[in-house]
Amino acid sequence: MKLHLTGDVSSIAEGLNLVIGNLTVQLSEDGYPIHVKQQKGPLHVMNHNGQGEISFEKPIHFFRGLGLFLEHFNKVNEFDLSEEPQFEMSGVMLDASRNAVPTVSDVEKLLQRMAVMGLDTLMLYTEDTYEVKEHPYFGYMRGRYSAEELKACDDYAVKLGIEMIPCIQSLGHLREALKWNYASNFKDTDDILLVDQPQTYEFLENCIRAASEPFRTKRIHIGMDETFQLGLGKYLEKHGYENHIDIMNRHLEKVVSITEKYGLKPMIWSDMYFPLFSEDSKYRDENGKIRDDILASIPDVELVYWNYYRKEQEVYEKDFQHHKLLGQTPIFAGGAWTWNGIVPNYGKAIATTEPAMEACKKVGIKEVFVTLWGDNGAETPFSTSLPILQLFAEHTYHKEVTLEQTAERYAFCGEGNFDDFMVLKKLDETPGVMKDNMNTSMTSKVLLYQDLLIGLYDENSKGLSLGEHYEKLVSEIEKAKHNNPKWESLFDFYEQLARVLSVKAEIGIKIKEVYDQKDYEKMGSILLELDWIQTNVDQLRQKHRKVWFDSYKPFGWEVIDIRYGGVITRIDSVKYRIQEWLEGRISAIEELEEERLRHDGPWEIVDGLVGGNVYHRIVTAGNFSL
């Protein structure tokens, strides 16, 4: 479609050139006329008597407005739309620290989609995946971003009206950064820095300078979440026991002084201050208020409250009020549940996002973002998050939101069918799993990786007819693949995962039953099934590899290769063990002589959960790493 834009286009001209190609739009003086006005107030998009109009306050509103115009122009002749932004900031945090480091090109693609959705902030979460020249081992062989790459991302984002904010860690979550010997003098535990050590602050100044210099923004997220072992390692040996909040405040004050030196405004995750909120907290005075001396000891930082676990709106509202006791309105971080295993957990993402965003609007939260974590290897492609990003975007521009409305917008912004994407959740939300998978069963992950002879999850999945479930799912995903040509590779990968699991899900149970019955003939036929699984797992690996290399740097894929390779190689040994038994060279298969128990640890197995775990706890009961 040809468009002719008139009016105030100066603030959006560069960004417009970035998005028009993806929107199949050309700018031409003989194109359809749209008058553009930048002014305070709501986003307004209309078409009347052969003349379009988009009025907007921020550049990001224009790009959303352009998408709304094109979407409606293709459906109806005339329209008049108005949207009132509910938040001052609404964005995305992209995890680049759990093996998958998105390429600059992929970050640019995300920024384009964010712009059309109307999301105005992107945080790159980099624990050690950014270059710090003073520490060459920092992020070594991990796909770290160079300063030039980060600057290129920021240059691209600013043209679209999107602010990029560096997001690092300055206390914990630094296991990969601290594993090298250069860090031996300033680490408390394997993943936490040693507070009060001079070298710690020299290191952090280098990190903060390197992380912030490529970006225009003066905001920085300095992390500091989940440091549960703070002060209990080398610090304890040097200084004795001290309360973690006192250590935290002292460390935070020193880090904040570094950010102030570079003119930066820091934010941190708020969870390490949660002990202040409990009713019986020793930090409260006789009137039940948090003591003034405690409040005074907390340095001047913005607090980010993260919660993507609860579906009760009142939980979020109560926690927001708790944060206000600290004297400020927090930033809210929700989650797209891209870290459930191999498959997005759309059920839980939607069930938690809806009440959280309603609470944000009710309580007056001004800034929100959605996290795209990649726990335990980033096996789930981040592109699967786009339907949830769309949901966040619709909540950003409307007081009330429906999934039908979100689906309509996603068809335009995400170039995909929302309901087809929701089919993918069935790979984990199987028989035996509660509605919306609120207990986060990683069914597909545990069934793909678990060993065929050891079968740690066989007792959990027994009797659930999971093979039949996955067999039906193959055709559903195949249909979705044909409905979504833009996402063919993604659906092709998940179709193959369902195909593999249609046989592999229960093959271990079958092997054990046939062995117990001493049915040599059936066991011989199982060898053919194992050949099929072996071949199809390798095809799955190749399809996954294509999705990975279309979006990420190569570093980190070696981990996934090794995981797939483990499945393939173990099948070879399983066939060897069975063949030895069939031919009488061994009298028993010891692994199959063992009684099967339900997998029960270290994660609790609760109702509505088939199983979930990190990779090395799925594949063996042995000691994987030591």
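The rules behind the values
Residues numbered from 1 in each chain as written. Predicted model: local features only at pLDDT ≥ 70, side-chain atom pairs only at ≥ 80, totals over all residues. Heavy atoms only, no water. Helix = DSSP H or I, 4+ residues; strand = E, 2+ residues; numbered from the N terminus. Buried < 20%, exposed > 50% of the residue type's maximum accessible area, 1.4 Å probe, protein only. Contact = heavy atoms within 4.5 Å. Pairing = 2+ DSSP bridges. Right-handed = clockwise from strand over helix to strand, strands pointing away. Salt bridge = Lys/Arg side-chain N within 4 Å of Asp/Glu carboxyl O.

Draft legend 1. Region of the structure containing the side chain of S270. Tracing the backbone shows S270 in the loop between β13 (265-269) and α9 (292-297). For S270, a relative accessible area of 1% corresponds to the buried category. In this structure, S270 is in contact with L303, V304, Y305 and H323, ignoring residues within four places of it in sequence.

Draft legend 2. Main features of the pairing of strand β16 (residues 367-372). Extensive coverage of β16 is indicated by the burial of six of its six residues. With burial as the criterion, each face of β16 is covered, one bearing E367, F369 and T371 and the other bearing V368, V370 and L372. Across four bridges, the pairing between strand β15 (residues 331-335) and β16 is parallel. Within the sheet, the bridge partner assigned to G335 lies in β16 and is T371. Handedness of the crossover is the feature at issue here: the chain leaves β15, passes through helix α11 (residues 346-363), returns alongside β16, and the resulting connection is right-handed.

Draft legend 3. Layout of unusual backbone geometry. Put simply, G601 and P602 share a cis peptide bond, and its omega is -5°. Along the chain, P602 falls in the loop between α22 (590-593) and α23 (615-619). Even without a glycine there, the phi angle at N49 is positive, about 55°. By relative accessible area, which is 61% here, N49 ends up exposed.

Draft legend 4. The environment of L27, seen in detail. Within the element layout of this structure, L27 appears in strand β2 (residues 26-27). Owing to a relative accessible area of 40%, L27 belongs among the partly exposed residues under this scheme. Separated by 23 residues in sequence, L27 and H4 have C-alpha atoms that sit 5.8 Å apart. Non-local contacts of L27, meaning those with residues more than four positions away in its chain, are made with L3, L5, L16, N17 and I20.

Draft legend 5. Representation of the pattern of salt bridges. This model, assessed by the stated rule, comprises 52 salt bridges. The partner of K510 in a salt bridge is E529, with the nearest N and O atoms 2.6 Å apart. Linking K510 in helix α19 (residues 507-516) with E529 in helix α20 (residues 520-551), this pair joins segments that are 19 residues apart in sequence. Among the charged side chains, a network of salt bridges with common partners joins K481, D492, E495, R499 and K543.

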